[in-house]
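Examination of the molecular architecture
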Amino acid sequence: MEKSASILIVEDEVAIRVGLVDVLIYHGYQVDYAEEGLSGLEKALTGKYDLILLDVMLPNIDGFNICTKIRKQDKAQPIIMLTAKSADEDIINGLTLGADDYVSKPFSVAQLILRVKAVLRRSVPETTEQTFIQLNGNRRIDLQNLCIQIGKENIPFTKREIEVLEYLQRHNQRPVTREELLSSVWGYSEEMEIETRTVDIHIARIRRKIEKDSKNPQFLITVRGAGYRLICDSVS
Ligand code: CA
């Protein structure tokens, strides 16, 4: 199944695009591509892809805007942003707008393939028995509809954010490390030793949605030196 997964590449730099197409076809994927932003956006919204590799700097409409528009339509579409090396702002922006992960350019082909495989492995839909995580009296996470209800307000989550919350809730008797989240939620094997801030940035983004004050979290807390814990009232 993984072998026939379809991947859309949106990348304007010819050498990188051609290289990506080659290597992904070589690894057995169905590959489609766009050379600039607008056609990339159109393909992303009208086609059905298992994964989208999305460059940031693109002619006509940039990767951030494309990511936002994809997320509005589909909260579960797996997206990996291709960011410039050490462009911290790009990385944070991309993940804040709902990308699943990022790969910094220049990247090694081996690294990229590992990340692609991991994201595709995790994108198989899972059924959950639970429906709600009640954080406190007026904060309820709706796992099926991917949102949190705070009083009358409804704030949407991406699929990946919900997966992080669910995982923390299922293991909330103890702190969960960043490495465990990477391997259990993102599907990276422990031996991959991937250096990524994906987890931290996702945690920060979740806090902004669920906490009253994301700098002093009371639900998704950091246990110093041990990881993250989700404190909640009940699950139903
Ligand atoms: Ca570019």
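Note that the structure is a prediction, hence the values are computed from the model and not measured.

How each quantity is defined
- Residues numbered from 1 in each chain as written.
- Predicted model: local features only at pLDDT ≥ 70, side-chain atom pairs only at ≥ 80, totals over all residues.
- Heavy atoms only, no water.
- Domains from an automatic or database assignment.
- Contact = heavy atoms within 4.5 Å.
- Buried area = accessible area lost by both parts, 1.4 Å probe.
- Salt bridge = Lys/Arg side-chain N within 4 Å of Asp/Glu carboxyl O.
- Polar contact = N/O pair within 3.5 Å; in protein donor to acceptor, adjacent residues only side chain to side chain.
- Helix = DSSP H or I, 4+ residues; strand = E, 2+ residues; numbered from the N terminus.
- Nonpolar A, V, L, I, M, F, W, Y, C, P; charged D, E, K, R; others polar.

1. Details of the domain arrangement of the protein chain
- What the domain assignment lists for the protein chain is domain 1 (6–121) and domain 2 (132–235).
- Between the C-alpha centres of domain 1 and domain 2 there is a distance of 24 Å.
- Contacts between the two partners involve 20 residues from domain 1, matched on the other side by 20 residues from domain 2.
- Both faces combined, the contact of domain 1 with domain 2 buries some 1,600 Å², and carbon together with sulfur accounts for 52% of it.
- At the boundary of domain 1 with domain 2, the tally comes to 1 salt bridge.
- Between Asp-100 and Arg-160 there is a salt bridge, and its shortest N-O distance comes to 2.9 Å.
- Across the domain 1-domain 2 interface, the total number found is 9 residue pairs in polar contact (both at pLDDT 80 or more).
- For the side of domain 1 that touches domain 2, the secondary-structure elements that each account for two or more residues are helix H4 (88–96), strand E5 (101–105) and helix H5 (109–122).
- No other element matches the 6 residues that H5 contributes to the side of domain 1 that touches domain 2.
- Residue composition of the side of domain 1 that touches domain 2, grouped by class: 10 nonpolar, 3 polar and 7 charged.

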